[in-house]
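Summary of structural features
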Amino acid sequence: MDKQHYKFSTKTVDCYFDAVFSFLEKLVSKEKAVIITDDNIASIYAEKFTGWKVIAIKPGEKNKQQSTVDHVINQLIKIQADRETFIIGIGGGVITDIAGYTASVYMRGVKFAFVPTSILAMVDAAIGGKNGVDVGMYKNLVGVIRHSEFLLYDYSFLKTLPQEEWINGFAEIIKHACIKDEKLFERLENNSLENFRESPEKIADLIKRNVEIKYKVVSNDEFEAGERKLLNFGHTLGHAIENIYQLPHGNAVSIGMVAACKISEEMNDFPTVDSERVIDLLKKYNLPVTLPFGESRRGAVWEVLLMDKKKSGDAINFILLNKIGDAIVKPVSLHQLKDLINQVL
Ligand code: ADP
Ligand code: ZN
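Residues numbered from 1 in each chain as written. Chains lettered and ligands numbered in written order. Predicted model: local features only at pLDDT ≥ 70, side-chain atom pairs only at ≥ 80, totals over all residues. Heavy atoms only, no water.

Regarding the environment of Ile319
Defined as follows: Numbering of helices and strands runs from the N terminus; a helix is a DSSP stretch of H or I covering at least four residues, while a strand is a stretch of E covering at least two. Contact definition: two residues touch when any of their heavy atoms are within 4.5 Å.
Along the chain, Ile319 turns up in strand β11 (residues 315-323). With 224 residues separating them along the chain, Ile319 and Ile95 place their C-alpha atoms 27 Å apart. Filtering out sequence-adjacent residues up to four positions away, Ile319 remains in contact with Lys229, Leu230, Asn232, Phe233, Ala260, Ala327, Ile328 and Val329.

What follows is the structure, given as structure tokens:
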């Protein structure tokens, strides 16, 4: 096991890499703990969870809603959870969001920790303290920034992660490489999803590198005044596409990154050859690079973009690439953006 400490303004988060699930008992008493997970994980890992109190919710992003939080709160009341209760979110990004948010508001806040089980949760959702729910069309509109006590990484959970969820998670890994780490980008070019799936050492190494990138960006700018915005690369358009076309998050972000590369070419002298490298890498990891449907719904995408919470005045802050591994925040006027979207979508 490899223990790291990640310092934030309000908390130091202990991170246990290369751990095994059974170590959880050493970190928190079974008496006080309540596991929040989803039905898929609860049924696959029923045996692992014997002896623990478990609240399971329905899986999927469509359940990342306030009504699910209300349901979990009712379950917590039923099992007489109190201020000493310690919530453990075990699952993908939906679970870390719901568990972290519920723990932050239940009795004005109880302790919580995560055991991320999807690639996306391991490299992204579990780190940085952002937890919350979607409201209708609007992703992550309501929530908190509150850090977990610890993160426990047991990579053996990945053995049961479906292929499409591996693919989705790699969108965030490629995002990290694009904005921060050219070496990581090259490592991804020189490997494949199969290489990482088949090699426990390679995936452990890759995940740790990505946690470090995310931690570094977040700790430099916890409240998103500047650098943290870079993590939204591909996400401004991505979120709009995800909503309109009902695509998985990673798929939508992949298309969003392609669009952001093209806008970077137009507005930021990002070399066309580098744009092509990003597109090739996304394709190599089985991610889509164009919208999957013939009928263009630019109008609807545009409406959602306008409502995006990142909108400020008559411009939207867009994350653009200078080169691979180096990104910048630039305001793009709505007028400019409309032209660009008509070109790239
Ligand atoms: P994400 O992690 O992509 O944000 P979710 O929390 O919705 O999103 O997880 C994606 C899907 O993968 C869900 O259906 C969830 O039940 C499933 N899942 C997550 N981790 C595992 C795992 N280790 N084994 C099997 N299924 C998993
Ligand atoms: Zn994302």
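Regarding helix α9 (residues 200-220)
Going by this rule: Each residue after the first adds 1.5 Å to the expected span of a helix. Accessibility here uses a 1.4 Å probe with only protein chains present; expressed as a share of the type maximum, an area under 20% marks a residue as buried, one over 50% as exposed, and anything in between as partly exposed.
The end-to-end C-alpha separation of α9 is 30 Å, in line with the 30 Å expected for 21 residues at 1.5 Å each. Residues Ile203, Ala204, Leu206, Ile207, Asn210, Val211, Ile213, Lys214, Tyr215, Val217 and Val218 constitute the buried set of α9. Looking at the buried side of α9, the elements it contacts are β1 (2-7), β2 (12-17), α5 (119-125), α6 (163-180), α7 (182-189) and α8 (193-198).

Considerations on the nonpolar core
Going by this rule: To qualify as a nonpolar core, a set must consist of buried Ala, Val, Leu, Ile, Met, Phe, Trp, Tyr and Cys residues joined through side-chain atoms within 4.5 Å. Domain start and stop positions are those given by an automatic or database domain assignment.
Counting 78 residues, the largest nonpolar core has Tyr153, Phe170, Leu188 and Ile207 as its most contacted members. Both domains that furnish three or more residues to this core are identified here as domain 1 (2-160) and domain 2 (163-344). The residues touching Phe170, leaving out its near neighbours within four places in the chain, are Ile119, Leu188, Leu193, Phe196, Ile203, Leu206, Tyr285 and Leu287. Counting residues in each nonpolar core, the second largest holds 25 residues, with Ala259, Leu320, Leu337 and Val344 among its members.

Topic: the coordination of the zinc ion (ligand 2)
Selection criterion: Coordinating donors are taken as N, O and S atoms within 2.8 Å of the metal, stretched to 3.2 Å for Na, K and Ca; because water is absent from the atoms, sites can appear incomplete.
Taken together, the protein ligands of the zinc ion (ligand 2) are Glu172 (OE), His235 (NE2) and His249 (NE2), with distances of 1.9 to 2.1 Å. Donor residues for the zinc ion (ligand 2) sit on one chain with the sequence pattern E-x62-H-x13-H. Taken together, the positions of His235 in helix α10 (residues 235-245) and His249 in helix α11 (residues 249-268) put the pair 14 residues apart, joining distant regions of the chain. By relative accessible area, His235 is classed as buried at 6%.

Observations regarding the packing of aromatic side chains
Rule in force here: Only the six-membered ring of Trp is used, alongside the rings of Phe and Tyr, when aromatic pairs are assigned; centres must lie within 6.5 Å, and planes under 30 degrees apart are stacked while those over 60 apart are edge-to-face, with the rest tilted. We call a charge positioned over a ring when the NZ of a Lys or the CZ of an Arg lies within 6 Å of the ring centre and within 35 degrees of the ring normal.
Throughout the structure, instances matching the rule amount to 14 aromatic pairs. Relative to Tyr215, the ring of Phe8 lies with its centre 5.3 Å away and its plane at 85°, an arrangement referred to as edge-to-face. Of this pair, Phe8 sits in the loop between β1 and β2 while Tyr215 is found in helix α9, placing the two residues 207 residues apart along the sequence. Look at Tyr153 and Tyr155: their rings are 6.3 Å apart centre to centre, the planes differ by 45°, and that puts the pair in the tilted class. With respect to class, Tyr153 is no different from Tyr155; both count as buried. Grouped by ring-pair contacts, the aromatic residues Phe21, Tyr45, Phe49, Trp52 and Phe157 constitute a single cluster. If you follow Lys48 out to its NZ or CZ, it ends over the ring of Phe157, 5.6 Å from the centre.

Brief notes about the environment of Pro248
Positionally, Pro248 belongs in the loop between α10 and α11. When its relative accessible area of 38% is taken as the criterion, Pro248 is described as partly exposed. Expressed as a C-alpha distance, the spacing of Pro248 and Gly60, which sit 188 residues apart in the sequence, is 9.8 Å.

A word on the pairing of strand β7 (residues 130-135)
What counts is decided by this rule: Strand pairing follows a simple DSSP-based rule, namely that at least 2 bridges must link the two strands.
As paired strands, β7 and strand β8 (residues 138-145) are joined by 5 bridges and run antiparallel to one another. Across the sheet, Gly132 pairs through a bridge with Gly143, a residue of β8.

Describing the pattern of salt bridges
Quick note on the threshold: We count a salt bridge whenever a side-chain nitrogen from Lys or Arg sits within 4 Å of a carboxyl oxygen from Asp or Glu.
Under the criterion given, the structure shown has 17 salt bridges. As a salt-bridge pair, Glu61 and Lys139 come within 3.0 Å of each other at their nearest N and O atoms. You can see Glu61 sitting in the loop between β4 (53-57) and α3 (66-78) and its partner Lys139 sitting in strand β8, a full 78 residues away along the chain. Overall, Glu61 belongs to the partly exposed group, its relative accessible area being 29%. The network of salt bridges with common partners includes Glu61, Lys64, Asp97, Asp134, Lys139 and Glu242.

Some remarks on the domain arrangement of the chain
Applied cut-off: The buried area of a pairing is the accessible area, by a 1.4 Å probe, that goes missing from both parts when the two are put together, added over both. The definition of a polar contact used here is a pair of N or O atoms within 3.5 Å, where within protein one atom must be able to donate a hydrogen and the other to accept one, and adjacent residues in sequence count solely through side-chain atom pairs. Think of it as three bins: nonpolar holds Ala, Val, Leu, Ile, Met, Phe, Trp, Tyr, Cys and Pro, charged holds Asp, Glu, Lys and Arg, and polar takes everything else, Gly as well.
Each assigned domain of the chain is listed with its residue range as follows: domain 1 (2-160) and domain 2 (163-344). Between the C-alpha centres of domain 1 and domain 2 the distance comes to 26 Å. Facing the 27 residues of domain 1 at the interface are 31 residues of domain 2. For the pair domain 1 and domain 2, the two sides together bury roughly 2700 Å², of which 65% comes from carbon and sulfur. Area buried by domain 1 at its contact with domain 2 is led by Ile119, Val123 and Lys139, which between them contribute 23% of it. Where domain 1 touches domain 2, the interface holds 4 salt bridges. Counting the contacts that link domain 1 with domain 2 gives 9 residue pairs in polar contact (both at pLDDT 80 or more). Elements that contribute at least two residues to the side of domain 1 that touches domain 2 include exactly β1, α5 and β8. Of the residues belonging to the side of domain 1 that touches domain 2, the class tally is 15 nonpolar, 5 polar and 7 charged.

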